[in-house]
Amino acid sequence: MEGGGIACSEAARWLRAQFREPPRVALVCGSGLGALAEELTEAKAIDYRDIPHFPRSTVQGHAGRLVVGRLGSAPCAVLQGRFHLYEGHAPSQVVIPIRTMALLGVHTLVLTNAAGSLRPELSPGHLLVIRDHIDLAGLAGRSPLVGPNDDRFGPRFPPMVDAYDPALRRLALALAPKELRARSGVYVGVGGPSYETPAECRYLRRVGAHAVGERGRGLGRGSSKLTQIQPQTSSELPQIQPQTSSELPQIWP
Ligand SMILES: O=P(O)(O)O[C@@H]1C[C@H](O)[C@@H](CO)O1
Ligand SMILES: Nc1nc2[nH]cnc2c(=O)[nH]1
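Being a predicted model, the structure only gives us computed values, none of them experimental. (Residues numbered from 1 in each chain as written. Chains lettered and ligands numbered in written order. Predicted model: local features only at pLDDT ≥ 70, side-chain atom pairs only at ≥ 80, totals over all residues. Heavy atoms only, no water.)

1. Comments concerning the site of ligand 1
Keep this limit in mind: A cutoff of 4 Å decides nearness: a residue is near a molecule or strand if any of its heavy atoms lies inside that distance of it. Counted as a polar contact is a pair of N or O atoms within 3.5 Å, where, for protein atoms, one must be capable of donating a hydrogen and the other of accepting one, and residues adjacent in sequence contribute only when both atoms are in side chains. For accessible areas, the Shrake-Rupley method is used with a probe of radius 1.4 Å. Any residue's cover is judged against the shown protein chains and nothing else.
Taken together, eleven residues lie near ligand 1, and Ser31, Arg82, His84, Tyr86 and Tyr195 sit nearest. Between ligand 1 and the protein, one listed contact pairs an oxygen atom with a side-chain N or O atom of tyrosine 86 at 2.5 Å. Burial of ligand 1 by the protein chains amounts to 90% of its free accessible area of 330 Å².

In structure tokens:
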């Protein structure tokens, strides 16, 4: 499977013929969050396997389906399932759905996922509105941006200040139901699929992360990412020793 611009152009051309109205907003559903598609009206669903060049979803809780309809008055696409490097996809394949959405005319992207907490204040069921990230795989050169640059998707050297749109972040924090205790923080993307050892959790906390998960990716401005803390994984995290947590910096601005 080809992962570059030609694949995305062909996928976008095929999809344009399927829908009366192209989406302007896209929501990517992480593990267990696919039910968001039920909010759409006038919905039409297409399996990823029917879309040219789309990778296949292999993870439980990721239906592998694109649903396009209206959310309120906005033409919206819900992607039920995202792709992870640990499934064996190349970085260039993982971004095919996002780049395809951009070519269809999507200007606002909301990414959601499930992650593990690295902080005692962040408990299962809480919501982290991501304000910045540490992309460990990308820092090591496993980035979808490696290789010839396709200027349709951004410049060769994309600035990463405000990678997540500040206005969308403020909106998410203001609108989140109180019981989710929504806060903004830093997400660290790792390769997976093994969860982190206690030493790795201590390391990731010390470099400034609040939550950890297998990375996903947006496209510059106009994107926002919401992480829901998953119960079983964070309960597997090591107990944070009192002396360690007192060394932690104050995290919530
Ligand atoms: O797609 P997301 O990031 O929501 O899924 C998370 C990460 C792994 O794929 C899975 C493991 O718990 O949950
Ligand atoms: N790497 C990682 N991914 C997750 N996805 C959900 N919880 C976790 C976690 O604790 N670690």
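Right, picking up where we left off after that structure.
2. Looking at the environment of threonine 41
Note the threshold: To qualify as a helix, a DSSP run of H or I must reach at least 4 residues; to qualify as a strand, a run of E must reach at least 2; elements of each kind are numbered from the N terminus. Should any heavy atoms of two residues lie within 4.5 Å, those residues are counted as being in contact.
Here threonine 41 lies in strand β2 (residues 41–47). When the C-alpha positions of threonine 41 and arginine 70 are compared, they lie 5.2 Å apart, and in sequence the two are 29 residues distant. Beyond its immediate sequence surroundings of up to four residues, threonine 41 is in contact with Gly69 and Arg70.

3. Points about the pairing of strand β7 (residues 183–190)
Put simply, the rule is: Think of it in three bands: with a 1.4 Å probe and only protein chains considered, a residue is buried below 20% of the maximum accessible area for its type, exposed above 50%, and partly exposed in between. When DSSP finds two or more bridges between two strands, those strands count as paired. Assignment of crossover handedness uses the view with strands pointing away from the viewer, where a clockwise path from the first strand over the helix to the second indicates a right-handed crossover.
Most of β7 sits out of view: eight of its eight residues are buried. Here strand β6 (residues 127–135) runs beside β7; their pairing, made up of seven bridges, is parallel. Its bridge partner being in β7, isoleucine 134 is matched across the sheet by valine 188. Of the pairings in the sheet, the one linking β7 to strand β8 (residues 211–214) comprises four bridges and is parallel in character. Along β8, the bridge assignment pairs valine 190 with glutamate 214. A crossover connection joins β7 to the parallel β8 through helix α6 (residues 198–206); in handedness this β-α-β unit is right-handed.

4. With respect to the side chain of histidine 126
Secondary-structure assignment places histidine 126 in the loop between β5 (108–117) and β6. With near-sequence residues (within four places) excluded, histidine 126 lies in contact with Glu121, Glu179, Leu180, Arg181, Arg183, Thr227, Gln228 and Ile229.

5. Side note on the packing of helix α1 (residues 5–16) against helix α3 (residues 96–104)
The following threshold applies: Axis definition: a line fit to C-alpha positions, over the contact stretch in the case of helices; interaxial angles, taken between N-to-C directions, run 0 to 180 degrees. Throughout this description, any angle smaller than 35 degrees is read as roughly parallel, any larger than 145 degrees as roughly antiparallel, any in the 65 to 115 degree range as roughly perpendicular, and the remainder as oblique. Put simply, a crossing is left-handed when the front helix is turned counterclockwise from the back one by less than a right angle, and right-handed when it is turned clockwise. Charged residues are taken to be Asp, Glu, Lys and Arg, nonpolar residues to be Ala, Val, Leu, Ile, Met, Phe, Trp, Tyr, Cys and Pro, and polar residues to be all remaining types, Gly included.
Here α1 crosses α3 at 55°, and the two axes come no closer than 9 Å. The orientation of α1 relative to α3 falls into the category oblique. The interaxial crossing formed by α1 with α3 has right-handed handedness. Of α3, the residues touching α1 (which contributes Ala7, Cys8, Ser9, Ala11, Ala12, Leu15 and Arg16) are Ile96, Arg99, Thr100, Met101, Leu103 and Leu104. Along the lines of polarity and charge, the residues of the contact of α1 with α3 split into nine nonpolar, two polar and two charged.

6. Some thoughts on α3
Burial analysis of α3 places seven of its nine residues in the buried class, the great majority of the element. Within the span of α3, buried status applies to Ile96, Pro97, Ile98, Arg99, Thr100, Met101 and Leu104. Next to the buried residues of α3 lie α1, β1 (25–29), β3 (65–71), β4 (74–80), α2 (91–94) and β5. In the segment just after α3, glycine 105 is the residue with positive phi, at about 110°.

7. What about unusual backbone geometry?
With an omega of 0°, the peptide bond between glycine 192 and proline 193 qualifies as cis. With respect to the secondary-structure elements, proline 193 resides in the loop between β7 and α6. We note that glutamate 42 has phi near 50°; this positive angle belongs to a residue other than glycine. Examined against the element boundaries, glutamate 42 turns out to sit in strand β2. A positive phi is found at histidine 53, a non-glycine position, where the angle reads about 75°. Its place among the elements puts histidine 53 in the loop between β2 and β3.

8. As for a nonpolar patch on the surface
The condition that has to hold: A residue counts toward a patch only above 30% relative accessible area and without a salt bridge, and it is joined to like-charged neighbours within 9 Å or, for Val, Leu, Ile, Met, Phe, Trp and Tyr, to nonpolar neighbours within 5 Å. Definition used for salt bridges: Asp or Glu carboxyl oxygen within 4 Å of a side-chain nitrogen of Lys or Arg.
A cluster of nonpolar side chains, namely Leu136, Leu139, Tyr203 and Val207, defines an oily patch on the protein surface of about 400 Å² accessible area. Relative to the helices and strands, leucine 139 is located in helix α4 (residues 136–139).

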